[in-house]
Amino acid sequence: MYTITLSQRFDSTSKATLAWQSAAYSPPPRSLFSSTASAMRPSCPADAHHVVRIGAPSVPSVAPHTFRDTDDRSRHMRIGILGTGAMATALGAAWVRAGHDVRVGGRDTEAASRTARRTGASGHGGLAEAAAHGEVVLAAVPAAAAPRLAGDLAHLLVGRTLIDCTVPMAPGPDGPALTTGGATSVARLVAEAAPGAHVVKAFGVCHESIWTLDRPAFEGTPLAVPFCTDRPGAAARVSELIASMGCTPLPCGGLGRAALLEATAVFAVGVWWSGADARFVFPAPALAPGAVDD
């Protein structure tokens, strides 16, 4: 019987390495997602109306959130999306559903137009137009391109909340590997390239298909969305954005911890593509028989 190694499997499905970064990739077999998604549980369940905190307290606590009436346009955000791929489409559509004003930007304006139609965005154009539009800007491009793009647009990103959802991943001999080596993060490189931007690492841990769900919740618990940033104002803004999607904001510390989120995403991808289920790797201690609260 012929057996392929894990490395060969990743070589033969190399488009999967872009699953968290850009447009053209083959998603994992539906059996790895559709059969398990309904049973997935966030790693830190919490009431959807409150912020959950883990890790070092480098970002001040964010006030509790109440879901907004989607007819209240005065509270909605202007969001510029840099990129036209799968993550740009999924998150853009989720934010449109939440009532935000989304504009899609791409190097290829025809691709930006198609993505805008798919998401219901209010407009489209070039990358600079999208950056200038948003009080919040999403970098949904290949990880290797994100710092360079941030540098090119640095003058437009000053004072704006810049969300980096990329995962620096490539096939390795034992499965997917971090292209950064874990010593730094794409988010840190983006922040160095655009020092005036308020960079947040967020939305990269989940597969893009999760963002196509309306107010994603599993086993009755809203999805927790981890994020890292050094900027209190950006933390508050991203928490509000996450809550508007029906999810639970999960502050995980400063930007120095962004590498942990990137590594977690790469680890999860490797588990899924090996045919296993990442949700069984992190059971809460409280689920152990006889567990008691301290």
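Note on numbering: residues in each chain are counted from 1, in written sequence order. Selection of residues for local features in this predicted model requires a pLDDT of at least 70, selection of side-chain atom pairs for listing and counting requires 80 or more, and totals for whole chains, interfaces and linings are taken over all residues. Side-chain measures were taken over the full set of non-hydrogen atoms in the model, leaving aside hydrogen atoms and water.

1. Considerations on the pattern of salt bridges
For clarity, the threshold we go by: The working definition used for a salt bridge is a side-chain nitrogen of Lys or Arg within 4 Å of a carboxyl oxygen of Asp or Glu. Strands here are runs of E lasting at least two residues and helices are runs of H or I lasting at least four, both read from the DSSP assignment and numbered beginning at the N terminus. The classification of residues rests on relative accessible area computed with a 1.4 Å probe and restricted to protein chains. Under 20% of the type maximum is buried, over 50% is exposed, and intermediate values are partly exposed.
Applying the stated criterion to the full structure yields eight salt bridges. For Glu-135, the salt bridge identified is with Arg-78, shortest N-O distance 3.9 Å. Note that Glu-135 is positioned in the loop between helix H5 (127–133) and strand E4 (136–139) and Arg-78 in strand E1 (residues 78–82), a separation of 57 residues in sequence. Relative accessible area serves as the criterion here: at 23%, Glu-135 is assigned to the partly exposed category. Its relative accessible area of 39% is what places Arg-78 among the partly exposed residues. With its nearest N and O atoms 3.8 Å apart, the salt bridge here joins Glu-135 to Arg-237. Separated by 102 residues along the polypeptide, Glu-135 in the loop between H5 and E4 and Arg-237 in helix H9 (residues 232–244) bring together distant segments of the chain. Under the relative-accessibility criterion, Arg-237 is labelled partly exposed at 28%.

2. Regarding the sheet that holds strand E11 (residues 224–229)
To keep it simple, the criterion reads: Pairing between two strands requires that DSSP report at least two bridges joining them. The axes used here are C-alpha line fits, helices contributing only the stretch in contact, and every angle between their N-to-C directions lies in the interval 0 to 180 degrees. What makes two residues a contact is simply this: any of their non-hydrogen atoms within 4.5 Å.
Pairing is mixed in the open sheet, where eight strands are placed in the order E3-E2-E1-E4-E5-E8-E11-E12. Unpaired on one side and paired on the other, strand E3 (123–125) and strand E12 (248–251) mark the two borders of the sheet. Put simply, the sheet's adjacent strands are angled 25° from each other on average, direction ignored. Pairing geometry for strand E2 (residues 101–105) and E3, over three bridges, is parallel. If you follow Val-104 over to E3, its bridge partner there is His-124. Contacting E1, E2 and E4, helix H3 (residues 86–97) runs over the sheet at an angle of about 170° to E1.

3. Notes on the side chain of Thr-166
Keep this limit in mind: Contacts described as polar in this section are N or O atom pairs within 3.5 Å, which, within protein, must combine one atom able to donate a hydrogen with one able to accept it, while residues neighboring in sequence count only if both atoms come from side chains.
Structurally, the position occupied by Thr-166 is in the loop between strand E5 (161–164) and strand E6 (169–172). Taking the relative accessible area as the measure of exposure, Thr-166 reaches 1% and is therefore buried. Among the polar contacts made by the side chain of Thr-166, one reaches the side chain of Asp-164 at a distance of 2.7 Å.

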